[in-house]
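Read off the chains here:
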Amino acid sequence: MPKFYITTAIDYANGAPHIGHTFEKVLADAMARFQRLRGVDTWFQMGMDEHGLKVEQTAQAQGVEPQAFCDAMAETYLKAWRAMDISYDAFVRTSDPLHMKGVQALFTRFQENGDIYKGEYEGLYCVGCEAYYQEKDLLEGKCPVHHTEPKKVKEKNYFFALSKYGERLLRHIEAHPEFIEPEMRRNEVTNVIRSGLEDISVSRASVKWGVPLPMDPEQTVYVWIDALLNYATFVGLSQHDEATRAMWARWWPADAHVIGKDITRFHCVIWPAMLMSAGVELPRSIYAHGWIKSPDGGKLSKTAGNVVDPVFVGEELRKAAGEGLAEALMHEPLRYFLLREVPAGRDGEFSWELLVDRYNADLANELGNLLNRALSMSHRYFEGRLDPESGPAEALDLEVQAVATDVVSKYIRAMSSWQFSNGMQETWRLIKRANQYVQETEPWTLAKDPSKRARLVRVLATLLESLRIAAALVAPAMPRAAARIGSDLGLDWPSPRALVDLEWPAKPFALGHTVGAAVVLFPRVQAPKPAQA
Ligand code: ME8
């Protein structure tokens, strides 16, 4: 069975998750679900980045030990990811002893390969990024991401010989362009490497909250080296027993690391160089997404203090929908919004108004309306069970069928290459075509004429078949809504092969089949903006 190992960045434990983090987790989740529903064995890993100065300082400011602080924060993250239905297989925490041992083992390997040496570092450090900056990379003396002034730091620490790996990295990227997606990011990274790589400091003398260096326990491993290694330590890098050997053989190399565009240098330069040094195969692909910005154009970030809590958004949307939106479905619209609204690799904007507009247009008026119409007419004219035979397919029916077939092939292509917005637009092309088909065929007119009964059966069967396919296509974006539609259609759902069995059958499934009662899945929202969003 083919395999797919996908990861997200692990979020800093210094503040609660916001819409920006949610965007990344939803992207990776949609890809993981897409792969699973295509019949691919998938391992989806995410987690929390717990060590380093930023977390140490935040815990200190709150008067708690870093470990206790991170334990509480892990609860907050897990609560959000469960609410958002992120289907992770493992949630890693870098304070886990298994991981810490793995970091030390790799560090020793770098040293044995002659890539670690002692030196003195003097530079400008941004705690928000947990990274050194060179003067030329600052904007008016400030960090370009956090808009804060970095601090001058001078310490004795250990260095990694990154400069050794520039040529090999360039050759790898040339031979495997898919290693960095999208192309825009690949070009940026290639330019960084071409302009010359400097060795990097990989330990901290002043930070206590971290993994002690195996060769000098007075120092801790630089948090980025520690964090990047999570991708390998939690899938059996140590290979010290049967279970870890099996994990490693099954999942490594990673097929996709999903990260934000602000951390490509770490993932596309430092991480592969570390793996080269350790003699480990490189991941297949790194996909860098854009940022979710607030309407004022700024990146939503914990440091900027303009974050939006994803769980709050769903709760408010439910209130705004007059509680008619089921509790189980209240976070689905945000998932859909993030996938539909943001073009692949680009920045996107989040605002309450944009969310409500998208919800009303696509979910209430199109998808919800189609489901409600198809089910209510099945009940009104056939008491929920269509006749087992129908009239022959006519030109209009074949046209809907042709749209479905075309949509499916374009959807698969789009979703396989991170073009989720296109995948959703394709899906809605089918949904809109089916709604238009209702207007064209006028089932209510057919129902008045008993001689048109077989034709009416064909029309409703065509609608229900379109919905079956649409529900499967929607599943990576809105798994709960898809499951709900599947069960309303009386289907055995979730089908593990939902995105394999997508062809239009010779005999529509709805013939002689009983469907559920009519429902309003997504009631329209006309509500003022809630205070926090
Ligand atoms: O960078 N829009 O953690 P982090 C889109 N611990 N994505 C955003 C975003 C926004 N407004 N804000 C953050 C770290 N992200 C490290 C990662 S991985 C070995 C270590 C994304 O909490 C960001 O780009 O600052 C990153 O991919 C992820 O959320 C975690 O960000």
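Residues numbered from 1 in each chain as written. Predicted model: local features only at pLDDT ≥ 70, side-chain atom pairs only at ≥ 80, totals over all residues. Heavy atoms only, no water.

To continue, consider the overall build of the protein chain. Helix and strand counts for the protein chain come out as 18 helices and 16 strands. On C-alpha atoms alone, the protein chain measures out to a radius of gyration of 26 Å, which is about the 24 Å that the 2.2 N^0.38 rule sets for 533 residues. Its C-alpha atoms give the protein chain principal-axis dimensions of roughly 90 × 50 × 40 Å. The 533 residues of the protein chain split such that 60% are buried. Of the roughly 21500 Å² of accessible surface on the protein chain, a fraction of 51% belongs to carbon and sulfur atoms. Distance between charge centroids for the protein chain: 2 Å, based on 60 positive and 69 negative side chains. (Helix = DSSP H or I, 4+ residues; strand = E, 2+ residues; numbered from the N terminus. Rg over C-alpha atoms; globule rule 2.2 N^0.38 Å. Buried < 20%, exposed > 50% of the residue type's maximum accessible area, 1.4 Å probe, protein only. Areas by Shrake-Rupley, 256 points an atom, 1.4 Å probe, with all protein chains shown as cover. Lys, Arg positive; Asp, Glu negative; His and termini not counted. Charge placed at Lys NZ, Arg CZ, Asp CG, Glu CD.)

Let's shift gears to the domain arrangement of the protein chain. We note that the domain assignment places domain 1 (3-289) and domain 2 (310-488) within the protein chain. If you average the C-alpha positions of domain 1 and of domain 2, the two centres end up 39 Å apart. If you look at the interface, domain 1 gives 29 residues, while domain 2 gives 23 residues. Summed over both partners, the interface of domain 1 with domain 2 comes to about 2400 Å²; 74% of that surface belongs to carbon and sulfur atoms. (Domains from an automatic or database assignment. Contact = heavy atoms within 4.5 Å. Buried area = accessible area lost by both parts, 1.4 Å probe.)

Right, let's get into the packing of helix 13 (residues 352-382) against helix 17 (residues 453-474). Helix 17 packs onto helix 13 with a crossing angle of 150° between their chain directions and a minimal axis gap of 10 Å. Every pair of crossing elements has a handedness; the one defined by helix 13 and helix 17 is left-handed. Counted together, Leu367, Leu370, Leu371, Ala374, Leu375, Met377, Ser378, Tyr381 and Phe382 of helix 13 and Arg453, Leu456, Val457, Leu460, Leu463, Leu464 and Leu467 of helix 17 form the full contact between these two elements. In terms of residue class, the contact of helix 13 with helix 17 is made up of 14 nonpolar, one polar and one charged. (Axes fitted to C-alpha atoms, helices over the stretch in contact; angles between N-to-C directions. Left-handed = near helix turned anticlockwise from the far one by under 90°. Nonpolar A, V, L, I, M, F, W, Y, C, P; charged D, E, K, R; others polar.)

Among all positions in helix 18 (residues 479-488), only Pro479, Ala481, Ala482, Ile485, Gly486 and Asp488 are buried. On its buried face, helix 18 is in contact with helix 1 (19-37), helix 12 (332-341), helix 13 and helix 17. Where helix 18 ends, the next residue or the one after it, Gly490, has phi of about 75°, a positive value.

Burial analysis of helix 12 places nine of its 10 residues in the buried class, the great majority of the element. Taken together, the buried positions of helix 12 are occupied by Glu332, Pro333, Leu334, Arg335, Tyr336, Phe337, Leu338, Leu339 and Arg340.

Around the ligand, the structure places 25 residues, and the nearest of them are Ile10, Glu24, Asp49, Asp262 and Ile292. Here a nitrogen atom of the ligand sits 2.8 Å away from a polar atom, N or O, in the main chain of Ile10. In isolation the ligand offers 660 Å² of accessible surface; the protein chains occlude 97% of this area. Taken together, the elements giving at least two residues each to the shell around the ligand come down to strand 2 (11-12), helix 1, helix 7 (223-228) and strand 13 (256-260). Residues that form the shell around the ligand fall into these classes: 12 nonpolar, seven polar and six charged. (Near = heavy atom within 4 Å. Polar contact = N/O pair within 3.5 Å; in protein donor to acceptor, adjacent residues only side chain to side chain.)

For the coordinates displayed, the defined rule picks out 36 salt bridges. The shortest N-O distance in the salt bridge between Glu242 and Arg245 comes to 3.7 Å. With a gap of three residues between them, Glu242 and Arg245 both fall in helix 9 (residues 242-251), about one helical turn apart. Accessibility expressed as a relative area gives 61% for Glu242, which makes it exposed. What makes Arg245 partly exposed here is its relative accessible area of 39%. Residue Arg429 is joined to Asp406 by a salt bridge in which the shortest nitrogen-to-oxygen separation is 2.9 Å. With Arg429 in helix 15 (residues 420-441) and Asp406 in helix 14 (residues 395-416), this residue pair connects regions lying 23 residues apart in the sequence. Judged by relative accessible area, Asp406 falls into the partly exposed class, the value being 28%. Residues joined by salt bridges that share partners form a network here, namely Asp29, Arg33, Asp85, Arg335 and Arg480. (Salt bridge = Lys/Arg side-chain N within 4 Å of Asp/Glu carboxyl O.)

Within the open sheet, the three strands sit side by side as 10-12-11. Their pairing is antiparallel. Each end of this open sheet is capped by a strand with a single partner; those strands are strand 10 (203-204) and strand 11 (212-213). Strand direction decides the pairing type here: strand 11 and strand 12 (residues 216-221), joined by two bridges, are antiparallel. Residue pairing for strand 12: Pro212 is matched across the bridge by Thr220. (Pairing = 2+ DSSP bridges.)

Let us now look at the environment of Pro283. Along the chain, Pro283 falls in the loop between helix 10 (264-278) and strand 14 (286-289). We classify Pro283 as buried; its relative accessible area is 2%. Taking C-alpha positions, Pro283 is 7.9 Å from Pro272, a pair spaced 11 residues apart along the chain. Contacts of Pro283, omitting those with residues within four sequence positions, involve Phe179, Trp252, Pro253, Ala254, His257, Trp271 and Leu275.

So, about the packing of helix 5 (residues 166-175) against helix 6 (residues 183-194). Between helix 5 and helix 6, the least distance of the axes is 10 Å, while the angle of their chain directions is 155°. Comparing their axes, helix 6 and helix 5 come out roughly antiparallel. Crossing of helix 5 against helix 6: the hand is left-handed. When helix 5 is examined against helix 6, the residues Gly166, Leu169, Leu170, Ile173 and Glu174 are found in contact with a partner set consisting of Arg186, Val189, Thr190, Ile193 and Arg194. Its residues assigned to classes, the contact of helix 5 with helix 6 shows five nonpolar, two polar and three charged. (Parallel < 35°, antiparallel > 145°, perpendicular 65-115°, else oblique.)

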